[in-house]
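Observations on chain architecture
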Amino acid sequence: MTDGRQTVEVDPTLFRAVYDSPASLPGRHRWTTPEADVRRLERLLEIPAHSIGAPLWVSGDEPDCPKCGRRVTWYDIVSSALHGVHDKTMIARVVLGERKYVNTEVPDGVPGVHCADCRTPIAGLRSFKCHNWAYAFEALEKIVEQMSGVPAARPPAAS
């Protein structure tokens, strides 16, 4: 949700290497979005109920809203992103589509997120990922080289 981040499409094998370990997520805590918020997210995106079946991971230094105490989830991230950052169609395509994406940096924090219930700014949120999108915690080129033994070419940036 900030300038300077790059999200690139990758093949499923490379994506799996990046995504497989939730333990690698930055921050003191790692958690999944509860079922109730997944259903809420589907309504927000206007997609059919139970379309999202894979875990929606979140990590950060504090898992709960400092004002109302509700667990911060993908619902908060997406509802915040819909305020001038991304549109519903783009988010639904990333979450439900077949294409795989990674961000190529470890974030210092995910800016611009607010609690969807009380609108309190959320600080200390570090990462979020789903089955089609994740952060790359090592240089993407190094992962490709390790997997193939061939120096990696940079994939085109996602739009």
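See the structure printed just above.
The notes below deal with the structure included here. All values derive from a computational prediction rather than experimental measurement.

A few words now on the nonpolar core. If you look at the biggest cluster of nonpolar residues, it comprises 24 residues, and the most contacted ones within it are Leu41, Ile52, Trp74, Ile122 and Leu125. Taken together, the elements giving at least two residues each to this core come down to helix H2 (35-45), helix H3 (74-81), helix H4 (88-96) and strand S5 (125-129). Sort the elements by how many residues they give to this core and H3 lands first, with five residues. Residues contacting Ile122, with those up to four places away along its chain left out, are Cys65, Pro66, Val72, Val110, Val113, His114 and Cys115.

Moving on, we come to the state of the cysteines. One pass over the full model with this rule turns up zero disulfides. Between Cys65, a free cysteine, and Cys118, which holds the nearest cysteine sulfur, the sulfur-to-sulfur gap is 3.5 Å.

So, on to the packing of H2 against H3. Here H2 crosses H3 at 20 degrees, and the two axes come no closer than 9 Å. Between H2 and H3, the interaxial angle falls into the category roughly parallel. In the crossing of H2 with H3, the sense of the turn from one axis to the other is left-handed. Every residue of H3 that contacts H2 at Asp37, Arg40, Leu41, Leu44 and Leu45 is listed here: Trp74, Tyr75, Val78 and Ser79. Across the contact of H2 with H3, the residue classes tally to six nonpolar, one polar and two charged.

Right, let's get into unusual backbone geometry. The phi angle of most residues is negative, glycine excepted, and most peptide bonds adopt the trans form. The phi torsion at Glu46 lies on the positive side, around 60 degrees, for a residue other than glycine. On the secondary structure map, Glu46 appears in the loop between H2 and strand S3 (57-60). Accessibility expressed as a relative area gives 63% for Glu46, which makes it exposed.

With that settled, the discussion passes to H3. Of all eight residues in H3, eight are buried, a share of seventy percent or more. Near the N-terminus of H3, the side chain that reaches the backbone nitrogen of Tyr75, with its oxygen 3.0 Å away, is that of Thr73.

Reading the values: rules and limits
Residues numbered from 1 in each chain as written. Predicted model: local features only at pLDDT ≥ 70, side-chain atom pairs only at ≥ 80, totals over all residues. Heavy atoms only, no water. Core = buried A, V, L, I, M, F, W, Y, C linked by side-chain atoms within 4.5 Å. Buried < 20%, exposed > 50% of the residue type's maximum accessible area, 1.4 Å probe, protein only. Helix = DSSP H or I, 4+ residues; strand = E, 2+ residues; numbered from the N terminus. Contact = heavy atoms within 4.5 Å. Disulfide = S-S within 2.5 Å. Axes fitted to C-alpha atoms, helices over the stretch in contact; angles between N-to-C directions. Parallel < 35°, antiparallel > 145°, perpendicular 65-115°, else oblique. Left-handed = near helix turned anticlockwise from the far one by under 90°. Nonpolar A, V, L, I, M, F, W, Y, C, P; charged D, E, K, R; others polar. Polar contact = N/O pair within 3.5 Å; in protein donor to acceptor, adjacent residues only side chain to side chain.

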